[in-house]
Amino acid sequence: MKRYHLTTFGCQMNAHDSERIKGMLEELGLGEATTQDDADVLVFNTCTIREKPDQKFAAHLAQAAALKARDPLKVIAVGGCYAEAQKERLFELYPYVDVAFGPGSIPHLGDWVGAGGHAPRGRFGEWESFAGDLPAHRERGFQAWVQVSMGCNSTCSYCIVPAVRGREQSRRPGDIVAEVATLARDGVREITLLGQNVNSYGRDLLPAVRTEFGELLRACDAIDGIERIRFTSPHPKDFRSPVIEAMAECAAVCEHAHLPLQSGSSRLLKLMRRTYTQERYLALVAELRGAIPDLALGTDIIVGFPGETEDDFRETLDVIEEVRFDSAFTFVYSPRQGTDAAAMPDQVPAAVKSERIERVIAVVQRIARERNQERVGRIEQVLVEGPSRTDESVLRGRTRRNTTVNFTGAAAAGDLVDVRIEGASSTTLRGAQVAPGTTLGAGAVAGAVTA
Ligand code: 5AD
Ligand code: SF4
């Protein structure tokens, strides 16, 4: 039996696509190899959102090339966003790549697997079916990603995604709900709905099936067995009241939202073409928190966007202080070929960018630690994921607010348990499992107590 090895870079959409790539390859009769050395086919599912993932992929590919030099029968296949961005140029850059395919071409993997020979084969720019409709090899039985749309109609001036993932297309609500129902029957308890902009979901659907994202949340919430619903990523410009109401009213929808801010300066937000201002963003946060009091908020921040002044940057710090995010991904602006921002004057010098990223990380980490420390003393519902990564005797799981918890206790992966929080860092909580029905001790804060 031939075997494949798959390396994934990038976002959750890519992780989702990788499960489908695996599912497809296995359906075609390939087995999974544990190392690249043992594999006949080396697959890479790439990301090109910033220069760093490009470089990381190049380093991995160099290793694969060395393996292939020793064993020329190995096939190297490159999929995902970097492949889509480069198209045929990929074969010039890396002559030892045999196959390249964009994210829309996963359904065609069968065309080259088993076709024999090593003539370069590429397939790009196709989007005729959702990866969500393909067979999947899921890593975890109790958690699943569910694709609701593909592509993105936004025109953020820094972002390459619209160019590589194409125009937004919503999947039919019936197909999504059917997939979630099947997952629930298979024992899945937590789903994460995925789209480049989940909040604009449905607007492109024909009137007969048109469903808005809030309605989709309600439909998923109604499915027996689904106890947690997450979604990523929303765009603040499309986050409307019906979605907020659905979040507040649906028991399964978790008290967590990832709300990419990018910059706190309205002047910069305009140059980024985010189509909201600092004030609108803050009003949205207020509305969300008004409806969902215990909401955890995550965000993405870019520093060093062209033309960013010290004053613009300070506005970003001010908004972070005001909102007090529970978590934040921070990025140095990275020019992407073909995007408008890459051609803007006033590119920020590297030294200024690295000074700003350090300052923003310090603020983000301090606030995240403080936010996590506010959980100490509470009892949180935790979905168990398995043993802790660093200590086998301790369990690891996630709260509804999406914080990782390492805790002592006796539970199996996929169990929902109550954990008393005893300590916190900027990224994780620490605690001990409590027996069902345990009441809070004196001094403990009620609020996240689960039934
Ligand atoms: N440079 C830096 N960060 C970027 N992001 C997207 N494009 C770029 C870029 N060119 C960040 C944004 C986005 C996250 C997924 O990646 O913050 O929300
Ligand atoms: Fe995900 Fe964007 Fe990277 Fe593609 S380029 S993998 S959509 S983060």
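Conventions and cut-offs
- Residues numbered from 1 in each chain as written.
- Chains lettered and ligands numbered in written order.
- Predicted model: local features only at pLDDT ≥ 70, side-chain atom pairs only at ≥ 80, totals over all residues.
- Heavy atoms only, no water.
- Salt bridge = Lys/Arg side-chain N within 4 Å of Asp/Glu carboxyl O.
- Helix = DSSP H or I, 4+ residues; strand = E, 2+ residues; numbered from the N terminus.
- Buried < 20%, exposed > 50% of the residue type's maximum accessible area, 1.4 Å probe, protein only.
- Contact = heavy atoms within 4.5 Å.
- Near = heavy atom within 4 Å.
- Nonpolar A, V, L, I, M, F, W, Y, C, P; charged D, E, K, R; others polar.
- Phe/Tyr/Trp six-rings, centres within 6.5 Å; stacked < 30°, edge-to-face > 60°.
- Lys NZ or Arg CZ within 6 Å of the ring centre and 35° of its normal.
- Axes fitted to C-alpha atoms, helices over the stretch in contact; angles between N-to-C directions.
- Parallel < 35°, antiparallel > 145°, perpendicular 65-115°, else oblique.
- Left-handed = near helix turned anticlockwise from the far one by under 90°.
- Core = buried A, V, L, I, M, F, W, Y, C linked by side-chain atoms within 4.5 Å.

Visitor: Is there a simple way to explain the pattern of salt bridges in this structure?
Guide: Side chains that carry opposite charge are capable of pairing whenever their charged atoms lie near each other. If you walk through the whole model with that rule in mind, you get 41 salt bridges. A salt bridge links Glu374 to Arg324; the nearest nitrogen and oxygen atoms lie 3.5 Å apart. Note that Glu374 is positioned in the loop between α13 (350–373) and β15 (379–387) and Arg324 in the loop between α12 (310–323) and β14 (327–332), a separation of 50 residues in sequence. Given the relative accessible area of 24%, Arg324 is considered partly exposed. Ionic pairing is found between Arg366 and Glu370, a salt bridge with its closest N-O pair at 3.7 Å. Taken together, the residues span about one helical turn, with Arg366 and Glu370 both in helix α13 at a distance of four residues. On the basis of relative accessible area, Arg366 is assigned to the partly exposed category, the value being 29%. Taken together, the shared-partner salt bridges in this structure form one network comprising Asp294, Glu321, Arg324, Asp326, Arg366, Glu370, Arg371, Glu374, Arg375, Arg378, Glu380 and Arg401.

Visitor: So what exactly am I meant to see when it comes to the environment of Thr316 here?
Guide: Mapping Thr316 onto the fold places it in helix α12. A relative accessible area of 0% places Thr316 in the buried class. Between the alpha carbons of Thr316 and Ser263 there is a distance of 5.4 Å; along the sequence they are 53 residues apart. Here Thr316 is in contact with Ser263, Gly264, Ser265 and Ile301, once residues within four sequence places are set aside.

Visitor: Could you clarify how one ought to interpret the site of ligand 2 in this entry?
Guide: Close to ligand 2 lie Cys11, Asn14, Cys47, Thr48, Ile49, Cys81, Val161, Arg165 and Gln196. Broken down by class, the residue content of the shell around ligand 2 amounts to five nonpolar, three polar and one charged.

Visitor: Is there a simple way to explain the packing of aromatic side chains in this structure?
Guide: The geometry of an aromatic ring pair is captured by the separation of the ring centres together with the interplanar angle, meaning the angle of the planes. Taken as a whole, this structure holds eleven aromatic pairs when the rule is applied. Aromatic pair Phe9 and Phe57: ring centres 6.1 Å apart, planes at 80°, arrangement edge-to-face. Remark: Phe57 occurs in helix α2 (residues 51–70) and Phe9 occurs in the loop between β1 (3–8) and α1 (12–27); sequence separation between them is 48 residues. Each member of the pair, Phe9 together with Phe57, is buried. Members of the aromatic cluster, joined through ring pairs, are Phe9, Phe44, Phe57, Tyr82, Tyr94 and Tyr96. In this structure, Arg50 is placed above the aromatic ring of Phe331, and the distance from its NZ or CZ to the ring centre is 3.7 Å.

Visitor: Sorry if this is basic, but what is going on with the packing of helix α9 (residues 241–249) against helix α11 (residues 278–291) here?
Guide: A pair of packed helices is captured by two measures, namely the crossing angle of their axes and the spacing between those axes. At their nearest, the axes of α9 and α11 sit 9 Å apart, and the two run at 30° to each other. As judged from the angle between their axes, α9 and α11 are roughly parallel. Relative to α11, the crossing made by α9 is right-handed. Where α9 abuts α11, its residues Ser241, Ile244, Met247 and Ala248 lie against Leu284, Glu287, Leu288 and Ala291. Counted by class, the contact of α9 with α11 contains six nonpolar, one polar and one charged residues.

Visitor: Any chance you could explain the environment of Gln278 here in plain terms?
Guide: Mapped onto the elements of the fold, Gln278 is located in helix α11. Distance from Gln278 to Asn406, taken between C-alpha atoms, is 36 Å for residues 128 residues apart in sequence. In this view, Gln278 contacts Gly264, Ser266, Leu269, Glu315 and Val319; residues no more than four positions away in its chain are not counted.

Visitor: Looking at this model, I keep getting lost on the nonpolar core. Mind explaining?
Guide: Nonpolar side chains in soluble globular proteins tend to be buried together. In terms of nonpolar packing, the biggest core is built from 66 residues, with Ile191, Leu193, Leu217 and Met247 touching the most fellow members. Setting aside chain neighbours within four positions, we find Leu193 in contact with Val146, Val148, Val198, Phe213, Leu216, Leu217, Cys220, Ile229, Arg230, Phe231 and Thr232. Judged by nonpolar contacts, the second largest core, of 20 residues, contains Phe44, Phe57, Leu61 and Val78.

Visitor: I keep staring at the environment of Leu6 and nothing clicks. Help me out?
Guide: Residue placement: Leu6 occurs in strand β1. As a C-alpha pair, Leu6 and Val99 span 93 residues in sequence and 14 Å in three-dimensional space. Not counting residues up to four positions away in its chain, the partners in contact with Leu6 are Ser18, Ile21, Lys22, Val43, Phe44 and Asn45.

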